[in-house]
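# Inside the fold
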Amino acid sequence: MTIKSRTLSFFLTFFIFLFSTQVFALNVAGFPVYPKHPRIWFLQDDAGLQNATRLLSVAEVRQLARGPNSNYFRNLGVTSGGNTNHARNARVHAFRHVVSGLETDARDAFLELMNIGTNFNQYEAVDIVVPAACAYDWIYGWLVKPGNEVYFASATGKLRSIGRVAMGLGDHGPFSNITAAAYRGGGLLHAGMALDDQEMIDMAYAHYREELLRTANRVGIDGGWGEGLAYMNELYSKNMILTAELLFTATEGRLDLYISTNPFFEKYIPFTLFAIRPDFSYPRWSDIENFSPQYSHDLRENLLPLTFRFGSGLGQYLLSRLKDNYGYQSMYEVLWKRDAPAAVRPESVFVSNPERSALFRGLGLAIMRTGFSPDDTYVSFKASHWLSSHVHADAGHFEIFKNGPLAIDSGSYDEWGSKHMRNYYARTVAHNTLTIYDPNETSFNFSGQVNDGGQRYWNRNVFDTFQEGVEGTAPGKPFRGGSIQNYVTHANFTYINADLTGAYGRKVSEVGRQFFYFPNKKDALIVIVDRIFVKNRRLPVSFLLHFDGDLTLSGNDFGLKNGHSTLYGRVMFPKKAVLMRRGAYEVNGRHYPPRVELPESGKGRLEISYPLQESNSVYFVTLLSVDQQVPAASLSDSADAMILEFTYAGMPIQITTGKLPQPSAGHITINGKRIFLSAGS
């Protein structure tokens, strides 16, 4: 079913429900009018709280909110600005009021609410609107008590003014529709429902329905976002999930409204499970820092409602590993922890290689892992159309991790727009892919930006909207980046065929990368076949591999050791390759170090190239073996094909790949059984 027909079917069902149940009236704009004051997160005052806390004693609930030894709220107000401080503190006091019933807590929440100003930017908007709306909602019963009319009028006016500021904020970045939906839509729905302000509800619901849901269907259908992937879904998906949870509450628990238009919610948990590395740290994709998600309050906040809405044992497993280090989630723990499912270990769900390899097609991202234990091997591969200010020029990039980072995404996110970010960190040269150096290339995003020989860098003028960027269909703006054309999982291997041609622009006619992953218990062998057709044979092509440990070189062999594991490598083609070690953050002989070097920033890169590049057709065949020496292998090179033969994990393997100018994908033979590899998906 197409997105359009699926959306139409949803809205037909939705409006039939509205008319049949008379839960809503409809206004002229066609958006639902929600029941008067639905109480955000609580279905009713006392009954909702009792339902949310029935697994806890009253004493335990009060300890969550007020205990002298509790760290749940201590750091809740420590944020980037005073307005956000006041908004979050107001929510804390309001939650205490709901639990304790004490008027002093309601008064404290009111005072914090009144201290919120109206001078905040788009980044702060949702951080202010959401907690302010929750605070207002949770002390609503106190505000409307006889004698508190002045308090009610003042609090209502304050929240309405905050909502109006959020409604009028400018957009962030070129993808204004997504950002407006994420930063303003979720927050305005909170405020609009708390205030019974239909104009805010209409605007927020329009953002949610027309932008967030549609965006998730196009890019994040498999669990993640485009730019949001750079923050492990903490920006856009957080507002998506919280907005959906609010809709669920307001519609008296209609789970189909929560999920029916969009698989994002159901796939978020398996996406997160696959994405986190075996040591429970973040991968280094785009602008993600590799800190442990155990201390990520946003990730826990996302997982809580989805785990309990879907009764997910895998979600509960993740939550059991995540720590609420700063106490941000205590109120959500109380609200969402009803009938918590039993934790299910991922090994009992994903038991074989096909199940432990996953393609997230909307993101152009594949993840392969031998298991989920701390000493398992983890491999990721990226080739995506998506380009934005927090996503890097890294089509064809891969990472390998076992007992620490072996092949890495190097550099540090010291500051957006910094010299390090512009010239190294977000560029192709900092990733495990290919560079094709054209000295005449000048199409870069910032004035004076260094030429790294890499892929076309994101530029604000490339395309104007999200849809153009993803689909590459905008007239006159064909910027398609990279894509995974074919993905095959088998009991003994995973195969990826990626087209990287669009990422390199006019200097190439074709760039293809074939990626073979062979798991063996907790180790793995990786075979990479690169085929490049450059329009000018004088443009040198290089294969890059970044490391954070110790590098050893011996002819066409090399080793990358980091801690307890080693990545062994061999260049099978070209047979007399030039293997050169480059320094950390080096581009064309100059170094662009970060202001602050974060862990896993890298100690340099291995650069593999031809001694003399005499043809427009360029090939690399590279073997990478985790914690085992590279197996003995032979390579036959003919006019129309390359044949690589070796034995791994007791299996004789032969890989045949076609050559340029119009190569076939070829086939792989394992234990005498031939499997054809189609070029397309």
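No experiment lies behind these values; they were computed from the predicted model shown. (Residues numbered from 1 in each chain as written. Predicted model: local features only at pLDDT ≥ 70, side-chain atom pairs only at ≥ 80, totals over all residues. Heavy atoms only, no water.)

What follows covers the overall build of the chain. Within the chain one finds 20 helices and 26 strands. For the chain, buried positions account for 62% of its 681 residues. In the chain, 66% of the contacts between residues at least 6 apart in sequence involve partners at least 24 apart. (Helix = DSSP H or I, 4+ residues; strand = E, 2+ residues; numbered from the N terminus. Buried < 20%, exposed > 50% of the residue type's maximum accessible area, 1.4 Å probe, protein only. Contact = heavy atoms within 4.5 Å.)

The buried count for strand β24 (residues 651–658) comes to six of eight residues, which makes it a mostly enclosed element. In this structure, strand β23 (residues 641–648) lies alongside β24, joined through eight bridges in antiparallel fashion. Each residue of the ladder has a partner; that of T647, found in β24, is P652. Where β23 hands over to β24, the hairpin turn is made up of two residues, of which A649 adopts a positive phi near 55°. Two strands pair when backbone bridges link them, and β24 and strand β25 (residues 667–670) are joined in this way by four bridges, in the antiparallel orientation. When the bridges of β25 are listed, I653 appears paired with I670. (Pairing = 2+ DSSP bridges.)

For the rest of this paragraph, the subject is helix α5 (residues 103–114). Taking 1.5 Å of rise per residue, the 12 residues of α5 would be expected to cover 16 Å, and the 17 Å separating its terminal C-alpha atoms lies within 8% of that figure. Those residues of α5 not exposed but buried are D105, A106, A109, F110, E112 and L113. The arc enclosing the buried residues of α5, seen along the axis, measures out at 165°, which places them on a common side. (Expected span 1.5 Å × (residues − 1). Arc of directions from axis to C-beta.)

Before going further, it helps to spend a moment on the packing of aromatic side chains. Taken as a whole, this structure holds 20 aromatic pairs when the rule is applied. When the ring of W142 is compared with that of Y151, the centres are 5.1 Å apart and the planes differ by 15°; the resulting orientation is stacked. Overall, the relative accessible area of 25% leaves Y151 in the partly exposed class. Three or more aromatic residues link up through ring pairs in this structure, and these residues are F271, F274, F350, F360 and F372. The side chain of K659 reaches across the aromatic face of Y619, ending 4.9 Å from its centre. (Phe/Tyr/Trp six-rings, centres within 6.5 Å; stacked < 30°, edge-to-face > 60°. Lys NZ or Arg CZ within 6 Å of the ring centre and 35° of its normal.)

Okay, the environment of K659 next. By secondary structure assignment, the location of K659 is in the loop between β24 and β25. Sequence separation between K659 and R531 is 128 residues; the distance between their C-alpha atoms is 7.4 Å.

Within the open sheet, the five strands sit side by side as β3-β4-β5-β6-β7. Their pairing is antiparallel. The sheet is open, and its two borders are formed by β3 (357–360) and β7 (405–407), each paired with just one other strand. On average, each strand axis in the sheet is inclined to that of its neighbour by 15°, with strand direction left out of account. Bridge count for strand β4 (residues 365–369) against strand β5 (residues 378–382) is five bridges, and the pairing is antiparallel. Across the sheet, residue R369 finds its bridge partner in β5, namely Y378. (Axes fitted to C-alpha atoms, helices over the stretch in contact; angles between N-to-C directions.)

Two numbers describe how helix α13 (residues 264–275) lies on helix α15 (residues 313–321): the axes approach to 9 Å, and their chain directions differ by 45°. Here α13 is positioned oblique relative to α15, judged by the angle of their axes. Crossing of α13 over α15 shows left-handed handedness. Residue-level contacts link I269, T272 and L273 of α13 to L314, G315, Y317 and L318 of α15. A breakdown of the residues in the contact of α13 with α15 according to their chemical character gives five nonpolar, two polar and no charged. (Parallel < 35°, antiparallel > 145°, perpendicular 65-115°, else oblique. Left-handed = near helix turned anticlockwise from the far one by under 90°. Nonpolar A, V, L, I, M, F, W, Y, C, P; charged D, E, K, R; others polar.)

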